Amino acid sequence: MSQIIYRAEDYILKAGSNSIYRIEKVIKGKKTTKIRISNQKTKSESTISLSAIERRATWDELKLKRRVLEVDPIDSSIVFTGTMRFCDASLVINVNRPSYKNWSEEEAHWNSQLHIQIFNKVLKELEILGYSIKQQKYIYTYPSHKYCRKGDLRLDVEVEHGSIILNFFQNVNAPNRPERGVRHEHNKQKLMPHLILLEMKRTRNRIKKMIMDNYDFTFEDDFKRKCRFDIVGPEGLTALEWIQEDYKSDGLTLEKIVESHDYNSTYNNHSADKKRLNQGQQVWFYDRKKRLNIGKVFYRSNSMWWVVTGKYGYAIESSHSLYVEKPHDVSVKGNKKTRRNILSQVIFDAKNKGNLKLADKLQVLFDNEFNDKGLFITREQARKYFSHVGLTFGHITLARIRKLHALLDERLKASGIFDKSLHCHKDIDFKFTEEGGMAHASIKCNANYFNGRQAVDFEEGGFIGFAGWSDDQALKPMLEAFVDWCDLTKKEVAA
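Residues numbered from 1 in each chain as written. Predicted model: local features only at pLDDT ≥ 70, side-chain atom pairs only at ≥ 80, totals over all residues. Heavy atoms only, no water.

(A) Expanded view of the packing of aromatic side chains. The full count for this structure, using the stated rule, is 27 aromatic pairs. When the ring of tyrosine 263 is compared with that of tyrosine 299, the centres are 5.8 Å apart and the planes differ by 80°; the resulting orientation is edge-to-face. Of the two residues, tyrosine 263 is situated in helix α8 (residues 261–264) and tyrosine 299 in strand β14 (residues 292–301); the sequence distance between them amounts to 36 residues. Looking at tyrosine 299, the relative accessible area reads 4%, which means it is buried. Ring geometry for phenylalanine 430 against phenylalanine 432: centres 4.8 Å apart, planes inclined by 65°, an arrangement best described as edge-to-face. Residue class for phenylalanine 430 comes out buried when judged on its relative accessible area of 14%. A cation sits over an aromatic face here: arginine 453 above phenylalanine 450, 4.2 Å from the ring centre. For the cation-ring pair, lysine 476 lies above phenylalanine 376, with the distance from its terminal atom to the ring centre recorded as 4.9 Å. (Phe/Tyr/Trp six-rings, centres within 6.5 Å; stacked < 30°, edge-to-face > 60°. Helix = DSSP H or I, 4+ residues; strand = E, 2+ residues; numbered from the N terminus. Buried < 20%, exposed > 50% of the residue type's maximum accessible area, 1.4 Å probe, protein only. Lys NZ or Arg CZ within 6 Å of the ring centre and 35° of its normal.)

Structure follows, in structure tokens:
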């Protein structure tokens, strides 16, 4: 990588400093190069070595640091107005932006005043509340983006297109993305531990009060559907109050809904058991885990209905999934398929770990409860099994890939899927390494309505892909064939 050449009149950042410096003169010596620089805020000059320069200042840093932090005084003639709203774990401050020409002096001046008069006050309020404030280093590196922290509560503050956005998050409870934290999670507020949640709400309310006390801003009580997680709960609205606010935001009343064509449409108001649904009626429905729930229905739109399940609990369900009368088959497990798959996966893992006693015990339970035979494992379990039996890509030859192709073709045809048309594509994509081993191999499959879809891929990076397009039905015979092939290849390698 070539070294950066710095010249006079360049603007740079000195290591360990946030100030902007201007290079006044480059002094070249026999052994080292010295740089005479001037601080753009204090106008003081000093001499440093070339190695003390961190990097060139970006355009955004020049615009903000030279104008916002060092040049522009407060302009009282500029009056800021706008709106604020809460959304999930965020506070959004929308400023009414004048119509200035892009990159004009007027626009730059207005942006600088936005930073001086509002953004800096927001940061000051956060400091008073005990937050440490630092420049973002990894994701949002512009000077208008700050990273704040108070204990386990974290906060990204940014200025974007005339809006100041405060995004709160924490990494104490990150069940879905533990390696990345909760910064990009959905429903960040719902994941917050209670004390962190209270501190987040306290901070938002303090910033909201500070803005409304000093500027002509209004606060929007946002009852849009995307914000329902933020406003329904012990500190907010009940489920019924939320539904009433949703009606109100659409200009509806209970009388208008009952008299509307959609509410009285047979398609929209007929339940799963072919009964008429009415406002406030008690119904039964199954949730995503196939558990039976009970609640009262309120019409929403088209064939969708609110179902209030408690003071703060509710669901949104189609009329075709609601029962006016209690279903007769409540004793039948609705999650039987999920239970079957999980039990099969536990048996498979137990065998691989050598816990044959547990595997045999569960296998008896599996055989007694289900008529299905074979493996109901996941793609990841199949990948791990490849490593578990001691195989690597170095053991794979073209002849062994052909054996996998034959096993796959036999299993797919025997499955009878897609009107008995699912089978392996006759061609195999196989690439050799310079040493003659396998670099990449791919087996495709065909059916009566598609050609050349992925069956099994051995990718160059070491990843094994299995039918990324398919559901569990088409995937099952592929994974079974792969496990059989692993066992066969293991014996060949051992021999």
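(B) Expanded view of the pattern of salt bridges. Applying the stated criterion across every chain, the model contains 21 salt bridges. Glutamate 325 is the partner of lysine 275 in a salt bridge, and the nearest nitrogen-oxygen pair spans 3.7 Å. Of this pair, lysine 275 sits in the loop between α9 (266–269) and β13 (282–286) while glutamate 325 is found in the loop between β17 (322–323) and α10 (336–352), placing the two residues 50 residues apart along the sequence. By relative accessible area, which is 42% here, glutamate 325 ends up partly exposed. A salt bridge links arginine 411 to aspartate 484, with the nearest nitrogen and oxygen atoms 2.6 Å apart. With arginine 411 in helix α13 (residues 398–415) and aspartate 484 in helix α15 (residues 472–494), this residue pair connects regions lying 73 residues apart in the sequence. For arginine 411, a relative accessible area of 31% puts it in the partly exposed group. Overall, aspartate 484 belongs to the partly exposed group, its relative accessible area being 31%. Salt bridges here are not isolated pairs; linked through shared partners, they connect Arg411, Lys476, Glu480 and Asp484. (Salt bridge = Lys/Arg side-chain N within 4 Å of Asp/Glu carboxyl O.)

(C) Looking closely at the pairing of β14. In terms of strand pairing, β13 meets β14 through five bridges, oriented antiparallel. Note that in β14 the partner of tyrosine 286 across the bridge is leucine 292. Remark: five residues form the turn of the hairpin made by β13 and β14, two consecutive strands paired antiparallel; lysine 290 in that turn has positive phi of roughly 65°. Linking two consecutive strands that pair antiparallel, namely β14 and strand β15 (residues 304–308), is a turn of two residues; a positive phi of about 50° is found at asparagine 302 within it. (Pairing = 2+ DSSP bridges.)

(D) Spotlight on helix α6 (residues 239–249). Regarding α6, the residues found buried are Ala239, Trp242, Ile243, Glu245, Asp246 and Tyr247. Directly beyond the C-terminal end of α6, a positive phi value near 70° is found at glycine 251.

(E) Quick peek at the sheet that holds strand β19 (residues 438–447). On the basis of which strands lie adjacent, the open sheet formed by four strands has the order β18-β19-β20-β21 and antiparallel pairing. Each edge of the sheet is formed by a strand with only one pairing partner; in this case those strands are β18 (423–432) and β21 (464–466). Strand-to-strand twist across the sheet, computed as the mean angle between neighbouring axes with direction ignored, equals 25°. With six bridges joining them, β19 and strand β20 (residues 450–458) adopt antiparallel strand pairing. Within β20, the position partnered with cysteine 445 by the bridge is arginine 453. Along the sheet, α15 makes contact with β19, β20 and β21, crossing β21 at roughly 145°. (Axes fitted to C-alpha atoms, helices over the stretch in contact; angles between N-to-C directions. Contact = heavy atoms within 4.5 Å.)

(F) Seen up close, unusual backbone geometry. In the Ramachandran plot, glutamate 9 falls in the positive-phi region, its phi being about 80° despite a non-glycine side chain. Mapped onto the elements, glutamate 9 comes out in the segment before β1 (11–14). Residue classification places glutamate 9 among the exposed residues on the basis of a relative accessible area of 55%. Even without glycine at this site, lysine 274 takes up a positive phi of about 60°. Within the fold, lysine 274 resides in the loop between α9 and β13. Taking relative accessible area as the criterion, lysine 274 reaches 66% and is therefore assigned exposed.

(G) Examining the environment of isoleucine 165 more closely. As for its placement among the helices and strands, isoleucine 165 is situated in strand β11 (residues 163–169). Among all residues touching isoleucine 165, those that are not within four sequence positions of it are Leu91, Val92, Asp156, Val157 and Glu158.

(H) Spatial organisation of the packing of α10 against helix α12 (residues 379–388). Across the interface, α10 lies against α12 with an axial gap of 12 Å and an inter-helix angle of 10°. One finds that α10 runs roughly parallel with respect to α12. Residues Gln345, Phe348, Asp349 and Asn352 of α10 pack against Gln381, Tyr385 and His388 of α12. Classifying every residue of the contact of α10 with α12 by side-chain character gives two nonpolar, four polar and one charged. (Parallel < 35°, antiparallel > 145°, perpendicular 65-115°, else oblique. Nonpolar A, V, L, I, M, F, W, Y, C, P; charged D, E, K, R; others polar.)

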